[in-house]
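Observations on chain architecture
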Amino acid sequence: MRLILLCSLVFSLATSAQEAPLSPGDSDWRFVETLSAPATWHPHWTRDTKADGEASLQGGVRVEANFPDGEQLLETAYEDLGNFFNAVGIPAGGPFRIITEQVPTTEAESFTLEISTDECRIQANDAEGIRRGIYFLEDELLRADGPFLTIGKIQRAPFIKTRISRCFFGPIKRPPMNRDELLDEVDYYPDGYLNRLARDGVNALWLTIELKDLRKTSLNIPVSPDREQRLEKLRKTVGKCRLYGIQVYLFTLEPIYMTPGDPLILAYPELGGITVTGNYAKTFCPSSETAQTYLREALYSIFSEVPGLGGLINLSYGEAPTTCLSEAKGPEGRMDCPRCADKKPWETLNASLGAMERGVHEAAPDANVISWLYVPDGDSEMVLDLVRNTPPGVTVQFNFESGGSKEQLGKARRASDYWLSYLGPSDSFRRVAANVNPEAAGMAAKIQACNSHEVASVPFIPVPGQLFGKYREMRGLGVETVMQCWYFGNLPSMMNRAASSALPFAPEGVSEGEFLQNLARRDWAAADVPQVVEAWRLFAKAYENYPLSNAFQFYGPVTDGVVWPLHLKPAQRVLGPTWRVDYPISGDRIGEAFSGTHTYPEVLQLCKALSDTWNQGLELLTTLKPKYANEPDRMMDFSVAQALGIQFRSSYNILRFYDLRETLLYGPAETRSATLKTLREIVEEEIGNGATLSALCESNPFLGFHSEAEAYKYFPAKLQWRVDLLRELLDTEFVEAEAEVAADEMVFPALSGMTGEPLAYTCSPAPDGFAAAWREDAAWQALPVEAAALEPGEPAASWRAVRDAESLYVSVQLRQTDGAAPMSASVHIQSAHIYPRRTFELDEQGTRNTQLAWHAFNDQWESETTAANGIRTFRFRIPFTAFNGEFDPARFPARPMRINVQLKPTAAATVSHTWAPASPAPPVNRLGYGMEDPAEMGWLRFVP
């Protein structure tokens, strides 16, 4: 996802007088012990008589390790095999021989099992093929209904060669904690955990580094004093992972932009490219000999001093600023850099990629260099040109779903970032895959195997059919490398195994039904497999209803709504990011989760279908629970599915609650009593949900943990905190509302903008003929004038507004003096207090600002600016249709909008004149919503 902006820990509105409990610290992460524990197996064998065409292992086995293994890389696999036989009751030293041996193959990791009456030969050309064969043999016995193997030959080869995951609890090396796993003594890769990953089929893990921490070059720049400490920890990690057939990849975002005090740019000014938009930093210009030397030597130094590194994943373009390409303008990618101005975009990118590739491969010829093009909104011709010219030796990586779309409720919805509920691939991914340079090293897909931003507070989402659809498409597109996760989405589990071994090694042509049955047969009794598969199908059907909206992923209630307080009184508190815990807990401005992509009725309908259909699958699955009471892994499956059922239901309840609250505040008087009763029932249900989920968390330590947040989003103490707040809500705000309803009065009218509030503007109906004459000054003469907040001596500014049935009209006037700086006018509007604001901005040349946050800009408005007699006038006509169904006068005729009007110098970010005064406390900077503060708005009331 895009580089997260560093946020302030100060917030303009406190969530509650009673602060929420803090997440348990890493010393209390009980799941680490679970991950580190030895593997367990629970076969569901129902017969003890060998059938014709089978080999029996009942009498015991002996393993003959004939595969040449000078480095003893297979010791961990042999040990796992011995532990397996011991756990399932097959004695050692018996007559059945398991022989590993080397035979030539054309594919790495491919293997053959030749099974006869008295032996099973595991054949491969490389150690990792033997490893995969050993784990496959174990799974075959788990899938059987007795300690028997079918006589014959089984051959498998992976079409996905590189399957890259990440440590579930490793530091992310980002704010707010900025922990670096190479600078502490923690073992993030305990043997039991690595064994689980290896058995799932993972053969690579990535961790984050920065070149400045590990580089060593011939240039006159300082070497980090912690360099050797980091390298030593990295060597240990590489060596330990290698014992389980897992390579370590370095994830970088290089060459990163440079701030003015960076030693690199101070010593070598020619490395500075273009000033980064909105910053004083400079992009890294790779076009000089100095740049080439730096990048090549920096990578060479790392890969030569840490033997065995698997490769490099470099987020080359599209996230944070890197090379001059990051500041390219226009469809042709014009770069305002003296060295890159005459270059094509791909030449600038290749200047950096080529140098990095040379540095890696001079030190480690077999290492994989991956260039990740992070372009969530699709591929332009410029991006395709980058792909067509990828340097030899470099693999192109692209997000599998980004830029895609699917239909929900009869409308096309657009996908960005990472999705598990949306199959993909996007058309963008298809075009990228079709345009990869034939001389490049191939194509990689970025997906989320276990979970995604949709709901990352559970360890996995049991929807393996979604993965089947993705991998089927990858096979047809020639994908050979998959980065299976971001910081989250990587726990050893059924989903991880599906993505890392079951699907990559599946024979071509296997149907989804066969895949699901084979996957279930390993872990569940044969008689229960149809029921489990049907539950998975219902889960996938439910998950398809997840609203396809990045805002819903990033700010919606699914991830941690189970610990959101509910506000019967309008509080106008914003939503917090789902992937962070250093923001105040989410409030009641629920429209931030879907504004601009879905209407309120649509998101309610989708979330109801998501919850209802999920619970159908849950009911089917949980009937099996008593049979698996002694199997911890299956009990984890049950608890994860149940927790998701609660989270989906709570999400729907939150959406219902605030929708009904609008009816309570603005709807007909005769509906208030019944509405308030339903609101009370929702709160009571949520109290019960909190208690149930708390008990699940006690039994399953993975629930609530979010790997990118590096913390728990929910946990028993926080769930109880919310339950206490809900009970308090019933005893206070509900009692107050019930009294107002009983007195036949409006509920909380001062807080809903209906009465009171000194900062309010009464918007009158437009006079006859106004719609045709709104661009003319004369049309405004009879309208009231509201003065903006001005300091003494500043030029006068005013604004006024009227409405008709279709549109809102706003006129902003500024008295200008000679030589005054050019100004722009902004009209910020919330169609209702539960939604984010939309900004309509116009400068003196009549140019609109289209570089606003994702929710802010809509092109369904008209504008004009004029100047006469020292008065600059900005006029706006904003159709109510611009609010995507959020403004519904038929349902709530009296519901007011929120508004602010601002004037500021075009060349500056500071505001000169604003109707609503600035908030006394600095707002939090939120991805997509910037510094938006609900306190900096007034009410716009409508006269019938």
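So, here's what we can say about the structure. (Residues numbered from 1 in each chain as written. Predicted model: local features only at pLDDT ≥ 70, side-chain atom pairs only at ≥ 80, totals over all residues. Heavy atoms only, no water.)

Checked against the element boundaries, Leu384 lands in helix H10 (residues 381-388). According to the relative accessible area criterion, Leu384 is buried, its value standing at 7%. Here the alpha-carbon distance between Leu384 and Ala434, two residues 50 residues apart in the chain, equals 9.5 Å. If near-sequence neighbours (up to four positions away) are discounted, Leu384 is found in contact with Asp379, Arg431, Val432 and Asn435. (Helix = DSSP H or I, 4+ residues; strand = E, 2+ residues; numbered from the N terminus. Buried < 20%, exposed > 50% of the residue type's maximum accessible area, 1.4 Å probe, protein only. Contact = heavy atoms within 4.5 Å.)

Moving on to helix H9 (residues 345-363). End to end, H9 covers 28 Å across 19 residues, agreeing with the expected 27 Å (1.5 Å per residue, within 8%). Along its length, H9 shows its largest kink, about 25°, at Ala351. Within H9, 14 of the 19 residues are buried, leaving the element largely enclosed by the surrounding structure. (Expected span 1.5 Å × (residues − 1). Bend = angle between axes of the 7 residues up to and from the residue.)

As a further point, take the packing of aromatic side chains. Within this structure, the stated rule accounts for 53 aromatic pairs. Relative to Phe705, the ring of Phe168 lies with its centre 5.5 Å away and its plane at 40°, an arrangement referred to as tilted. Of this pair, Phe168 sits in the loop between strand S8 (162-165) and helix H4 (191-200) while Phe705 sits in strand S20 (residues 705-706), and the two are 537 residues apart along the sequence. The class for Phe705 is buried, based on a relative accessible area of 2%. Among the aromatic residues, those joined into a cluster by ring pairs are Trp29, Phe31, Phe168, Phe169, Tyr188, Tyr193, Phe702, Phe705 and Tyr712. For Arg848, the ring lying beneath its charged end belongs to Trp861, and the centroid distance is 4.1 Å. Sitting over the face of the ring of Tyr555, Arg926 holds its NZ or CZ atom 5.5 Å from the ring centroid. (Phe/Tyr/Trp six-rings, centres within 6.5 Å; stacked < 30°, edge-to-face > 60°. Lys NZ or Arg CZ within 6 Å of the ring centre and 35° of its normal.)

A few words now on helix H20 (residues 716-731). Between its first and last C-alpha, H20 extends 23 Å over 16 residues, near the 22 Å set by a 1.5 Å rise per residue. When H20 is considered as a whole, its buried residues turn out to be Lys718, Leu719, Trp721, Arg722, Val723, Leu725, Leu726, Leu729 and Leu730. For H20, the secondary structure elements touched by its buried residues are helix H18 (632-666), helix H19 (672-699) and helix H21 (733-742).

Below, the discussion takes up the state of the cysteines. Under the defined criterion, the tally for this structure stands at 0 disulfides. Here Cys285 stays unpaired: no disulfide links it, and the sulfur of Cys340, its closest cysteine neighbor, is 3.6 Å away. (Disulfide = S-S within 2.5 Å.)

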